[in-house]
Amino acid sequence: MAERFIRIAVVYLVVGASLGIYMGMRENFVLMPVHGHILLAGWLSLAMMGVIYRLYPAASATRLAAAHFWLHNLGLPVFMLGLGLLLTGNDVPVLLPAGAFAVLLGFVCFAINAWRCIRA
C-alpha cells in the first residue's frame, strides 16, 4: 500500500508542476487554486501518507487504507475538475462537492486507521 501511495503521489507532482508551467507560459493564473490543491492534496499528502504506511505496515494492511486510497484518488480528480470548471465560469455544481467530500472521507479513513494502528 505504501508504494501505491508514493507512486500516485509522484503522478500528482508531475501534473501539478505541469499545470504551473502551463499557467506561467500563458500568463493566466486563474487555475492557481487547482495547482495548489493538486500539489498539496495530491503530491504532498499522499507522499506523506505513503511514508507513514511504510513506517507502520500494520496500518497499510487494513481495509481503511484501501478505502482511503480509492476515495482520495477517485475524488481528487473530480474535485479538481469541478474547481477548475468553477474558476473558469463553467460550473458543474455536483463535481466540486462530490469530489471534495470523497477526498474528505479518504482523509477520515486515514485518520481512523492511524488512531487504530499507529502505536508509539
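What this report covers is the structure whose coordinates are included nearby.

1. Re the overall build of the protein chain
Helix and strand counts for the protein chain stand at 5 helices and 0 strands. Secondary structure elements of the protein chain occur, N-terminal to C-terminal, as α-α-α-α-α. Each of the 120 residues in the protein chain was classed as buried or not, and the buried ones make up 33%. Of all intrachain contacts in the protein chain linking residues separated by at least 6 positions in sequence, the fraction that spans at least 24 positions is 74%.

2. Brief notes about the state of the cysteines
Taken as a whole and judged by the stated rule, the model has 0 disulfides. With no disulfide of its own, cysteine 117 lies 12 Å from the sulfur of cysteine 109, the closest cysteine sulfur.

3. So, the environment of alanine 100
In this structure, alanine 100 sits in helix 5 (residues 95-117). Sequence separation between alanine 100 and leucine 76 is 24 residues; the distance between their C-alpha atoms is 6.9 Å.

Cut-offs applied
Residues numbered from 1 in each chain as written. Predicted model: local features only at pLDDT ≥ 70, side-chain atom pairs only at ≥ 80, totals over all residues. Heavy atoms only, no water. Helix = DSSP H or I, 4+ residues; strand = E, 2+ residues; numbered from the N terminus. Buried < 20%, exposed > 50% of the residue type's maximum accessible area, 1.4 Å probe, protein only. Contact = heavy atoms within 4.5 Å. Disulfide = S-S within 2.5 Å.

Interpretation note: all reported values are geometric properties and have no functional meaning in isolation.
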